[in-house]
Amino acid sequence: MKLTKLMIAAVAVCGVAQAHAAGVARLTGSSASSTNVARGLANLCSSAGGTFTLYKTSTSTSSLGNQFTGTCSVDFAGTAENEVRVNVGGGSESAVTNASAFPTSTATGFLVGSGSCTALAAGTESLSFLAAGQMKSCGTTLADTSKSDGGFLDVEGPIFNATKYNPADFQVSGFSQVFGIAVNSTLYNALQAYQKTAAGGNIVASTCAAGDTTPACQPSLSRAQVGSLINNDYFNAAKTSGGAYLVPGSSVSKITYCMRPQSSGTQQSAQLYFLGYNATGPLGGAETIIPSGKSLTHYASVLNNGSSDVKNCLNDSTDFKFGALSLENNPIGGSDTYRFVRINEVAATEGVAGASQTATALSGRYDYVYELAAYCPGGVCHEIIPALQGAVAPGTSSPGIFLTGVETTFGRTGNSNAPYITR
């Protein structure tokens, strides 16, 4: 398979390590890669015959948070490191802007584990691979202020800034990520009720109970509707009609876009997919994104720094709200009230707790999917990156993530501008 060969070649290139502080590696970048990084580290430690410990800032047994550190009693297999400190609070682009190899980079904080950290119960949900006592909560103090050794991005660096970043500095990661559009409960229920009717296209079965999240009962937004809602045209019907744009006859006055900053890979993926940001040149057709903080009578765009902020925005049931999230997030079974909708009547999620949230992407029916990239200056990765790429077995990735070219034949060949097709 072509894609697999490309991946193998890229991993071989990444195999030469950059200079680094002995024993400790530091990663910044995409939060979506976090659970796979933690799982990969645990596997690398186990392969080397060591004991793995994960330190984190919170007491949650189901989520990592933005800062965590993995340690091994011996060096992680295939590396000279026995500790990896991770901070993904800055979003995808921080894999570059916090990296020591980037000329204008800045330092950031990393968590340092210690014997005073509190042991936690066994991991649950996506952290179920961690046994009781293997995770420890250390509080929020980030005692190590340093530059990173790179990390993973949701899309390649030139997608963020084509003139600032060199394409040769970004390699395929071996991981693909599913994205979706999530809405608050008010919009979900209104769309669902309307789309049960003939006027709404009978998109949702009439037998579906209100709030049902299974695929056949999920309401749908079209790619055209989302593009119209997030582009920079203040006068189209998406910006002037209020709730009636999505649910004709609705009395809801305002639609709010819970958006991310430009440093976010989730934001870049939405612009690629819905606004055609790859359509450049004399025959290009890219649409401009609405700026954050725009407030119109019937529309608003609100900036949210992280995915947790987007979820908080979407958990507010006031008016209609929507936003892009990666499918590592699953609101079912927890306290979150937001829900994912279908795109062009194809579901990204199975709509149940503990779902893989990759089934339709793996089958090629859902294509709001992008391949994570690794920041490898001059094509040379820090050694922990290729080690992690080979440390996660098929079918064991965190929700919304899968192994590119291994678990499916569909992909983009490491080029976010390329179509998602069989390779």
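Everything here concerns the structure above.
Trainee: Which residues make up unusual backbone geometry, and what are the values?
Mentor: In this structure, Glu125 is a non-glycine residue whose phi angle is positive, near 50 degrees. Counting through the fold element by element, Glu125 comes out in the loop between strand 6 (118-119) and strand 7 (135-137). A positive phi angle, close to 60 degrees, is found at Gln357, a residue other than glycine. As for its placement among the helices and strands, Gln357 is situated in the loop between strand 16 (342-343) and helix 10 (359-362). The exposure class assigned to Gln357 is buried, which follows from its relative accessible area of 0%.

Trainee: So what about the state of the cysteines? Which residues, and what values?
Mentor: Applying the stated criterion across every chain, the model contains five disulfides. Note on cysteine connectivity: Cys45 is disulfide-linked to Cys72, with sulfurs 2.1 Å apart. On the S-S bond that ties Cys45 to Cys72, the torsion sits near 85 degrees, and the link is right-handed. Here Cys72 lies in strand 3 (residues 67-72) and Cys45 lies in helix 2 (residues 34-47), a separation of 27 residues in the sequence. Accessibility expressed as a relative area gives 0% for Cys45, which makes it buried. Among the residues examined, Cys72 registers a relative accessible area of 6% and is labelled buried.

Trainee: Explain the packing of aromatic side chains to me, and be specific about the residues and the numbers.
Mentor: Applying the stated criterion to the full structure yields 14 aromatic pairs. Measuring from centroid to centroid gives 6.1 Å for Phe152 and Phe175, while their planes differ by 70 degrees, and the two rings are edge-to-face. With Phe152 in strand 9 (residues 152-153) and Phe175 in strand 10 (residues 170-183), this residue pair connects regions lying 23 residues apart in the sequence. The class for Phe152 is buried, based on a relative accessible area of 2%. With 5.0 Å between their ring centres and 5 degrees between their planes, Tyr257 and Phe322 make a pair best called stacked. On the criterion of sequence distance, the pair formed by Tyr257 in strand 12 (residues 255-259) and Phe322 in strand 14 (residues 320-326) is long-range, its members being 65 residues apart. Accessibility expressed as a relative area gives 2% for Tyr257, which makes it buried. Feature note: the residues Phe179, Tyr273, Phe274, Tyr368 and Tyr370 constitute an aromatic cluster, connected by ring pairs. Taking the ring centre of Tyr299 as reference, the NZ or CZ of Lys239 above it sits at 5.5 Å.

The rules we used
Residues numbered from 1 in each chain as written. Predicted model: local features only at pLDDT ≥ 70, side-chain atom pairs only at ≥ 80, totals over all residues. Heavy atoms only, no water. Helix = DSSP H or I, 4+ residues; strand = E, 2+ residues; numbered from the N terminus. Buried < 20%, exposed > 50% of the residue type's maximum accessible area, 1.4 Å probe, protein only. Disulfide = S-S within 2.5 Å. Phe/Tyr/Trp six-rings, centres within 6.5 Å; stacked < 30°, edge-to-face > 60°. Lys NZ or Arg CZ within 6 Å of the ring centre and 35° of its normal.

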